[in-house]
Amino acid sequence: METVLEYLSRFAEVLAVAHSPWAADWDDAEVGRAFQWASYLEQLSRRLEGAGSVEARAALRQRLQEQRRLRPRAPPELPRYRDLLLEELGRGGELLSEALLHNPAASASAFHRAASWYRSAGSGRTGGGGPEALSASLGRAVRVKAATWLLRRAWGSEPPRGSVDVVSETGGQILRERLEERLKVQGRELPEGQAAAYEELLQRAVPGGDGEEEPGSFQPLAALLLETTEGNDGSEARARALGWLLGDGRALATLCRALPCSQLAALTARRPAFGRRYLRLLQRWGWALRYDAARAEWAPPCAEEPSWCRLLEHFAALWQGPPPVREAAESQLRSLKAADGDFEVPGVSVWTDLLLALTR
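Residues numbered from 1 in each chain as written. Predicted model: local features only at pLDDT ≥ 70, side-chain atom pairs only at ≥ 80, totals over all residues. Heavy atoms only, no water.

**So, the overall build of the protein**
What the protein contains, in helices and strands, is 16 helices and two strands. When each of the 360 residues of the protein is scored for burial, the buried share is 43%. Across the protein, the fraction of contacts at a sequence separation of at least 24, relative to all contacts at a separation of at least 6, is 67%. Counting every atom, the protein has about 18,700 Å² of accessible surface; 52% of that belongs to carbon and sulfur. (Helix = DSSP H or I, 4+ residues; strand = E, 2+ residues; numbered from the N terminus. Buried < 20%, exposed > 50% of the residue type's maximum accessible area, 1.4 Å probe, protein only. Contact = heavy atoms within 4.5 Å. Areas by Shrake-Rupley, 256 points an atom, 1.4 Å probe, with all protein chains shown as cover.)

Take a look at the structure:
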C-alpha cells in the first residue's frame, strides 16, 4: 500500500511539472520516463479492477482521501500539484498528454509524444466516437487555442477597448466544449471519476491559489458563466462550472481577487447564486479589516488580503449595477452596519464607512 501511494505521489509531481515552465527542458528520454510512469499506473489500475480486489480498492481510496485532507494546498515549488483520485489511475496517459498539449512552454519532444499518445492509445480511451471524433475534438481545441494565442500576441498586454471580449469568448467556448465532451461520456465513469475530470478542466481555467494569478487566466471561466445561448445549449456545462466554483472556496476567492469588479458585478446580475456567495466573501473581507487610528484608515491583516480601497471598488461596482444587484448590496451593508452597532460616525465600523463613501 505504501509503495503504491508513493508511486501515485511521484506521478502527481510529474503531472505538476508537465503543467509548468520546466516542461520546456524535457528531452525524449525524460518524456519517455514520464509516460512509463503513466503506463505503470494504468497497469496497476487494471489489476485493481479484477476480481477479489474490492477491499484493496476501498482501502486505497480511503488512504488517498486522507492524503487530500492532510495536504489541502500545493507546495510552493509546484503550484499545480494535486493528489490523484483512485479513478485517475487508469487515465495516466490521458492526464499527462493533456497537460503537455495545453502547456505552451512544453518542449517539442513533449508535445509530439503527447500528440502521438492521442493518435494511438488515446482513441481507445475516449468515451465514444472513435478515432475520428477524437481527432476532430483535438484539432478543434488546438485551432481555437492557437487563434486565442495569436490574438493576445497581436494586441500585446493591453488589447484595444472591447477586443478583450473576443478573446474571453473564445476561451469560454474552449472550456465549454471540453466540459461538454466530458458530459458525453459521464455514463461510463464512476461519480468520483467524473468529479475529478471536471475539477481538472476547471482548475486550468482558475489556476490561482499560489498568489501569482493574472486576470487573463480567469477570463475563460468568467466568459462561460456570462454566456447567453438559445435554449439549453451549454446550460449543463455552465451549471457544472458554477457548481464547482461555488463549492471551492479558494477558487472563488482567487477569482474574485483577480477579475475586474465590473465583471464580478455582471456575474452577480447573471448568476444569482454566484452573487450570494460573492457578497458573503465581501462580508468576510470586510470583517477582517482593522482600523489604524495612526493612519486614519482601515487596514487588512496581511498584504495578501484585499485593502479598504479594493473592498470599496467591489461594492461601488455592485452599487452601479442593475437595481436587484444594487439593492442586494445595499441591504447587506445596512444589515451589517446595524449588527455592528449602527454607528453614524467614521472610523468605528467598516460598514458605516463603506455606506458613507457610497452615498456621498
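Structure shown, so let's carry the discussion forward.
**With respect to helix α11 (residues 249-258)**
Of all ten residues that make up α11, seven are buried, and the element is covered over most of its length. Within α11 the residues assigned to the buried category are Ala 251, Leu 252, Ala 253, Thr 254, Leu 255, Cys 256 and Ala 258. Residues of α11 that are buried sit in contact with α9 (219-226), α10 (235-247), α12 (261-270), α13 (272-288) and α14 (308-319).

**Notes on the packing of aromatic side chains**
Enumeration over the complete set of coordinates arrives at three aromatic pairs. Ring geometry for Phe 274 and Tyr 278: centres 5.7 Å apart, planes at 25 degrees, overall stacked. Placement of the pair is Phe 274 and Tyr 278 together in helix α13, with a separation of four residues, close to one helical turn. As far as burial versus exposure is concerned, Phe 274 and Tyr 278 are alike and both buried. With a centroid separation of 5.3 Å and 75 degrees between ring planes, the pair formed by Trp 287 and Trp 351 is classed as edge-to-face. Here Trp 351 lies in helix α16 (residues 350-358) and Trp 287 lies in helix α13, a separation of 64 residues in the sequence. Trp 287 sits in the partly exposed class, given a relative accessible area of 35%. (Phe/Tyr/Trp six-rings, centres within 6.5 Å; stacked < 30°, edge-to-face > 60°.)

**Focus on the pattern of salt bridges**
Under the counting rule described, the total for this entry stands at ten salt bridges. Between Arg 240 and Glu 236 there is a salt bridge; the shortest N-O distance is 4.0 Å. Of this pair, Arg 240 and Glu 236 both sit in helix α10, four residues apart, roughly one helical turn. Several salt bridges converge on common partners, so that one network encompasses Arg 176, Glu 227 and Arg 238. (Salt bridge = Lys/Arg side-chain N within 4 Å of Asp/Glu carboxyl O.)

**Section: unusual backbone geometry**
Residues apart from glycine generally show negative phi values, whereas peptide bonds are mostly found in trans. Not every positive phi belongs to a glycine, and Ala 296 is a case in point at roughly 55 degrees. Mapped onto the elements of the fold, Ala 296 is located in the loop between β1 (290-292) and β2 (297-299). Ala 296 sits in the exposed class, given a relative accessible area of 52%. Despite not being glycine, Asp 342 shows a phi value in the positive range, around 55 degrees. Its place among the elements puts Asp 342 in the loop between α15 (323-339) and α16. Relative accessible area serves as the criterion here: at 42%, Asp 342 is assigned to the partly exposed category.

**Notes on the nonpolar core**
Counting residues in each nonpolar core, the largest one holds 48 residues, and the members touching the most others are Leu 221, Leu 245, Leu 255, Cys 256, Phe 274, Phe 315 and Leu 318. Among the nonpolar cores identified, the runner-up in size contains 36 residues, and Ala 18, Leu 60, Ala 106 and Tyr 118 belong to it. (Core = buried A, V, L, I, M, F, W, Y, C linked by side-chain atoms within 4.5 Å.)

**Some thoughts on the packing of helix α4 (residues 92-101) against helix α5 (residues 108-119)**
Where α4 contacts α5, the axes come no closer than 9 Å and their chain directions differ by 135 degrees. On the basis of the axis angle, α4 is oblique to α5. You can see that α4 and α5 cross each other, and the crossing is left-handed. Residues Gly 93, Glu 94, Ser 97, Glu 98, Leu 100 and Leu 101 of α4 form the contact with α5, whose own contacting residues are Ala 110, Phe 111, Ala 114, Ala 115, Trp 117 and Tyr 118. Partitioned by chemical class, the residues of the contact of α4 with α5 number eight nonpolar, two polar and two charged. (Axes fitted to C-alpha atoms, helices over the stretch in contact; angles between N-to-C directions. Parallel < 35°, antiparallel > 145°, perpendicular 65-115°, else oblique. Left-handed = near helix turned anticlockwise from the far one by under 90°. Nonpolar A, V, L, I, M, F, W, Y, C, P; charged D, E, K, R; others polar.)

**Overview of a nonpolar patch on the surface**
On the surface, Phe 343, Val 345 and Val 348 cluster together into a nonpolar patch covering about 240 Å² of accessible area. You can see Val 348 is positioned in the loop between α15 and α16. Residue Val 348 is classed as partly exposed on the basis of its relative accessible area of 41%. (Patch = residues over 30% accessible without salt bridge, like charges linked within 9 Å, V, L, I, M, F, W, Y side chains within 5 Å.)

**Observations concerning the environment of Thr 352**
Its place among the elements puts Thr 352 in helix α16. Judged by relative accessible area, Thr 352 falls into the buried class, the value being 1%. Placed 14 residues apart in sequence, Thr 352 and Ala 338 show a C-alpha to C-alpha distance of 8.9 Å. Residues within four places of Thr 352 in sequence aside, it is in contact with Lys 337, Phe 343, Glu 344 and Val 345.

**A short note on helix α1 (residues 2-18)**
Taking 1.5 Å as the rise per residue, α1 with 17 residues should run 24 Å; its terminal C-alpha atoms sit 24 Å apart, in good agreement. Among the residues of α1, Val 4, Leu 5, Leu 8, Ser 9, Phe 11, Ala 12, Val 14, Leu 15, Ala 16, Val 17 and Ala 18 are the ones counted as buried. (Expected span 1.5 Å × (residues − 1).)

**Quick word on the packing of α9 against α10**
Put simply, α9 and α10 touch, their axes get as near as 9 Å, and they point 125 degrees apart. Comparing the axis directions of α9 and α10 gives the class oblique. When the axes of α9 and α10 are compared, the crossing they make is left-handed. Contacts from Leu 221, Leu 224 and Leu 225 in α9 reach Ala 237, Arg 238, Ala 241, Leu 242, Trp 244 and Leu 245 in α10. Here the contact of α9 with α10 is built from residues that sort into eight nonpolar, no polar and one charged.

Geometry only, nothing functional implied.
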